[in-house]
Amino acid sequence: MTAHSPSSEADIVVVGGGVVGGAIALGLARNGARVTILDEGDVAFRASRGNFALIWVQSKGLGMPDYAMWSRRSAEQWHQLAAVLNDEAGLDVAHSQPGGFMLCLSEGELEQRRKTMQRLHNQMSLAEFPYEILDHAETRRRLPDIGPDVVGSVYSPLDGHVNSLKLFRALREATQRRGVDYRPNCTVESIVPRDGGFFLRGAFGEIATAKVVLAAGLGNARLAPMVGLDAPVKPSKGQIIVTEKTAPFLHNPMVTIRQTDEGGVMIGDSQEDRGFDTVVGQPILSVMAERAVRMFPRLAGLNVVRTWSALRVMSPDGFPIYDQSESCPGAFVVTCHSGVTLAANHVLTLAPAILSGALPETLAAFSARRFHVPAHS
Ligand SMILES: Cc1cc2nc3c(=O)[nH]c(=O)nc-3n(C[C@H](O)[C@H](O)[C@H](O)COP(=O)(O)OP(=O)(O)OC[C@H]3O[C@@H](n4cnc5c(N)ncnc54)[C@H](O)[C@@H]3O)c2cc1C
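Residues numbered from 1 in each chain as written. Predicted model: local features only at pLDDT ≥ 70, side-chain atom pairs only at ≥ 80, totals over all residues. Heavy atoms only, no water.

Asker: Can you walk me through the overall build of the protein in this structure?
Answerer: The secondary structure content of the protein amounts to eight helices and 18 strands. The C-alpha radius of gyration computed for the protein amounts to 21 Å, which stays within 12% of the reference 21 Å derived for 377 residues, consistent with globular compactness. Dimensions of the protein, computed from C-alpha atoms along their principal axes, come out at roughly 65 × 50 × 40 Å. Within the protein, the fraction of its 377 residues that count as buried is 55%. Long-range pairs, those at least 24 residues apart, make up 74% of the contacts in the protein with a sequence separation of at least 6. For the protein, the exposed surface amounts to about 15900 Å²; the carbon and sulfur share of it is 52%. Between the mean site of the 36 positive side-chain charges and the mean site of the 38 negative ones, the protein shows a separation of 1 Å. (Helix = DSSP H or I, 4+ residues; strand = E, 2+ residues; numbered from the N terminus. Rg over C-alpha atoms; globule rule 2.2 N^0.38 Å. Buried < 20%, exposed > 50% of the residue type's maximum accessible area, 1.4 Å probe, protein only. Contact = heavy atoms within 4.5 Å. Areas by Shrake-Rupley, 256 points an atom, 1.4 Å probe, with all protein chains shown as cover. Lys, Arg positive; Asp, Glu negative; His and termini not counted. Charge placed at Lys NZ, Arg CZ, Asp CG, Glu CD.)

As structure tokens, then:
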């Protein structure tokens, strides 16, 4: 594929090289497609480089059973994805799914969690969505290092975590070995549908392709309307604290605390609606740290070595958007706030569907058309 040429050597261009674009590109290439990724430069907002690395199922999908099942399915497929990445990239992404906990620091919190889990459970069956509500004693039996302030927890055997930087690297390595043409510093400014294909333009020139997948994170909001799609995503800021490395003491991930395979403890991850502001703020960090120390008092003895914030890619209802353009066939959009959890589905299920030319009916619930329902008067 050459710039300024209407002919293309790639079958598909993926716009965005984050964990979502990387996973889609790998799935496309594994099924024989010639793929180019156009990715913005270092100035870009990159949710994939600042995430908490959970493969998380419990608490996902209240209000959208399809999403709960989609998350569960991806968690189940993660073993296969880890093997694929090992095989294709020669990298171990430290995948582990020993089950995850949500620790509660008051009876009120535990009661709220119990109600949420019950409502989720009412959407589906227990077999599909296993979980346990544990009191302090049972939580302590399973997690001996918890502090006295932990009144109980919710446990689900489905949850797990990975090393997200290794995941990102493995996706890049595997796509490269599959011949995917990754082009950094190529910001797509416009997409023009013409002659049954698409012309992508930017400072890099012009590239023509028959199919395009928008996986540009927050950039999708601007790009989608150019090909008859809608991706009304907004930033949701999350802050994370990382401690120095310490001896392994925490096998299971929590929704706000996990020990990485390298020994550091990650404490996360707040949710703030602050536009594109990525400033790390003491007030939020101190609340996160205080709660973490109450959960695991031994954390008080560890030095903090790093803090950061990153912007989640959030749709109006928090659920993914998977869509295909009706007015411009061959254009797709893929966006979500849980690109680690859903990576297995993206590589193994969604990418082959995109390559086949149409998303299956089973993914219809994820169309952005759900935002276009007229309000009742
Ligand atoms: C604090 C935090 C914690 C998180 N924790 C978890 C977690 O525990 N588990 C989980 O599953 N997920 C988690 N996530 C989400 C995860 O990181 C996913 O990456 C996220 O869903 C979005 O990934 P993405 O690839 O769509 O977006 P990004 O990582 O933002 O990637 C988008 C890419 O598109 C490029 N781009 C944008 N516009 C253009 C353009 N016009 N032209 C070319 N390229 C463009 C950018 O350069 C960027 O590389 C977390 C996210 C945050 C911020």
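On we go.
Asker: So what exactly am I meant to see when it comes to the sheet that holds strand S6 (residues 152–156) here?
Answerer: Two pairing modes exist for strands in a sheet, parallel and antiparallel, and in both the strands are linked by backbone hydrogen bonds. Read across the sheet, three strands follow the order S4-S6-S5 without closing on themselves; strand pairing throughout is antiparallel. Looking at the sheet topology across the chains shown, the edges are occupied by strand S4 (100–104) and strand S5 (132–135). Shown here is a sheet whose adjacent strand axes are inclined to one another by a mean of 25°, direction ignored. In the sheet, S5 pairs with S6 via four bridges, with the strands oriented antiparallel. Residue pairing across strands places Asp135 opposite Gly152, the latter belonging to S6. Packed onto the sheet, helix H3 (residues 107–123) meets S4, S5 and S6 and runs at close to 135° relative to S4. (Pairing = 2+ DSSP bridges. Axes fitted to C-alpha atoms, helices over the stretch in contact; angles between N-to-C directions.)

Everything listed is a geometric property; what it means functionally is a separate question.
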